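Residue-level structural notes
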Number of protein chains: 2
Amino acid sequence: MEVEKTISFKEAKACPVQFVLAVNDTLNVISGKWKLPIIGSLLFEKKRFSDIQRNISKITPRMLSKELKDLEMNGMVKRTVYDTTPITVEYELTESAKSLGDVLDKMLEWGLQHRQSTLSQN
Amino acid sequence: MEVEKTISFKEAKACPVQFVLAVNDTLNVISGKWKLPIIGSLLFEKKRFSDIQRNISKITPRMLSKELKDLEMNGMVKRTVYDTTPITVEYELTESAKSLGDVLDKMLEWGLQHRQSTLSQN
DNA sequence: ATTATTACTATACAAAAGGATACTAGTGTA
DNA sequence: TACACTAGTATCCTTTTGTATAGTAATAAT
């Protein structure tokens, strides 16, 4: 039986190893070619499998299925099956996933700034 | 000749495609197994190749060399060669890279919160 | 009976990322 | 002469990630 310690922001920030581990947690949740597009597609409304597929035109069903499973396992999306004919399955972001929006905004901001500052080096 | 348009935070945020692209810019800079550990290792002081290698015990010189090149190309680290014998090479984070610290803090914070909220689902 | 629909799965393959191990150049020391 | 040091490279191999293409189950409409 493992003892799992809950770590605080302060503790994690003070220790480089914990820091890297915790940041990696976040990174892993959104890593992979299609996670971000999928999250983006679900940011404003819940959607069905085929809707997402139409939304992200180049994704294959295999990848969409796999990435959605990953996201579900990581507590990022909720999957709901409706017993219609043919069945419909709805995917929606969890609250936690929605709160990732703020982080993504920060990344967006830094990305734009960084592009500026590296362009101006020429 | 390509016209390159500089995009604003507002513009990027309003357009899902631009949003995903810009966030991906940031993601790409820190993606790969060793980027974060390397950045972490350089956060507080400049270091030499062998120092970093000692710091991140499991990295091979091949990977360290490759990742440092990537980081340099992306404007994240500055490489300085000193003509000593044997030569010494120093790596340090650029200002832009240091400013990534804030983003990483956000990611750390979210990662910890998300872990809490998914644990409490059981 | 054939076709369409939704939400996938199966198989095979290609490409990218990463690891293991050995090696190099240039110089200094024992 | 032999060895050690720094900062890497070179070669080969394994693992992970992603792609292409075809197929499935359950049901309903034509």
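Residues numbered from 1 in each chain as written. Chains lettered and ligands numbered in written order. Predicted model: local features only at pLDDT ≥ 70, side-chain atom pairs only at ≥ 80, totals over all residues. Heavy atoms only, no water.

Quick word on the protein's contact with DNA strand D
- Neighbouring DNA strand D are 19 residues, the closest being A:Lys33, B:Ser65, B:Lys69, B:Arg79 and B:Tyr91.
- Near-protein atoms of DNA strand D (within 4 Å) split between backbone and bases, with sugar and phosphate holding 74%.
- Between A:Arg62 and DNA strand D, the recorded distance is 2.9 Å, taken from a side-chain N or O atom to a base oxygen.
- Residue assignment for the surface near DNA strand D shows that the elements contributing at least two residues are helix H5 (61-73) of chain A together with helix H4 (49-55), helix H5 (61-73) and strand S3 (88-93) of chain B.
- Residue contributions to the surface near DNA strand D peak at four residues, all from H5(B).
- A per-class count over the surface near DNA strand D returns eight nonpolar, five polar and six charged. (Near = heavy atom within 4 Å. Polar contact = N/O pair within 3.5 Å; in protein donor to acceptor, adjacent residues only side chain to side chain. Helix = DSSP H or I, 4+ residues; strand = E, 2+ residues; numbered from the N terminus. Nonpolar A, V, L, I, M, F, W, Y, C, P; charged D, E, K, R; others polar.)

Focus on the protein's contact with DNA strand C
- Taken together, the neighbourhood of DNA strand C is formed by 20 residues, with A:Ser65, A:Arg79, A:Tyr91, B:Lys33 and B:Arg62 sitting nearest.
- Here the atoms of DNA strand C within 4 Å of the protein split so that 65% fall in sugar or phosphate, with bases taking the remainder.
- Contact distances for DNA strand C include 2.8 Å between a phosphate oxygen and a backbone N or O atom of A:Val89.
- One nitrogen or oxygen atom from the side chain of B:Trp34 is found 3.0 Å from a phosphate oxygen belonging to DNA strand C.
- Going through the elements one at a time, helix H4 (49-55), H5 and strand S3 (88-93) of chain A together with H5 of chain B are the ones with two or more residues in the surface near DNA strand C.

Things to note about the pattern of salt bridges
- According to the stated counting rule, one finds 21 salt bridges over all chains in the structure shown.
- Among the salt bridges present, the one from B:Asp70 reaches B:Lys35, with a minimum N-O distance of 3.6 Å. With B:Asp70 in helix H5 and B:Lys35 in helix H3 (residues 35-42), this residue pair connects regions lying 35 residues apart in the sequence.
- The structure contains a network of salt bridges with shared partners spanning A:Lys35, A:Lys66, A:Glu67 and A:Asp70. (Salt bridge = Lys/Arg side-chain N within 4 Å of Asp/Glu carboxyl O.)

Let's talk about the interface of chain A and chain B
- On the chain B side, the residues contacting the 40 residues of chain A number 39 residues.
- Both sides of the chain A and chain B interface together cover about 3,800 Å² of buried area, and 72% of this is carbon and sulfur.
- Where chain A touches chain B, the interface holds four salt bridges.
- A salt bridge links A:Arg115 to B:Asp25; the shortest N-O distance between them is 2.6 Å.
- Taken together, the connections running from chain A to chain B amount to 18 residue pairs in polar contact (both at pLDDT 80 or more).
- At the level of elements, helix H1 (9-14), helix H2 (16-29), helix H3 (35-42) and helix H6 (95-119) of chain A are the ones that each hand at least two residues to the side of chain A that touches chain B.
- With 18 residues, H6(A) is the single largest residue contributor to the side of chain A that touches chain B.
- Tallied by class, the residues present in the side of chain A that touches chain B amount to 20 nonpolar, 13 polar and seven charged. (Contact = heavy atoms within 4.5 Å. Buried area = accessible area lost by both parts, 1.4 Å probe.)

Concerning the sheet that holds strand S2 (residues 77-82) of chain B
All names here are of chain B.
- Strands sit in the order S1-S3-S2 across an open sheet of three strands; the sheet is antiparallel. If you trace the sheet from one side to the other, it starts and ends with strand S1 (47-48) and S2, each paired once.
- Both S1 and S3 contribute to a ladder of two bridges, which runs antiparallel. In the sheet register, Arg48 faces S3, and the bridge partner there is Glu90. (Pairing = 2+ DSSP bridges.)

Observations regarding unusual backbone geometry
- A cis amide bond, omega -10°, links A:Thr85 with the succeeding residue A:Pro86.
- Structurally, A:Pro86 is set in the loop between strand S2 (77-82) and S3.

What to know about H2(A)
- With 14 residues, H2(A) extends 20 Å from end C-alpha to end C-alpha; this agrees with the ideal 20 Å at 1.5 Å per step.
- Turning to H2(A), its buried residues number three or more, namely A:Phe19, A:Val20, A:Ala22, A:Val23, A:Thr26, A:Leu27 and A:Val29. (Expected span 1.5 Å × (residues − 1). Buried < 20%, exposed > 50% of the residue type's maximum accessible area, 1.4 Å probe, protein only.)

Quick notes on the side chain of B:Thr26
- Inspection of the secondary structure puts B:Thr26 in helix H2 (residues 16-29).
- Not counting residues within four places of it along the chain, the set of residues in contact with B:Thr26 comprises A:Met107, A:Trp110, A:Gly111 and B:Leu100.

Looking at the pairing of S2(A)
All names here are of chain A.
- By the bridge criterion, six bridges tie S2 to S3 in an arrangement that is antiparallel. In the sheet register, Lys78 faces S3, and the bridge partner there is Glu92.
- The turn linking S2 back onto S3 is made up of five residues.

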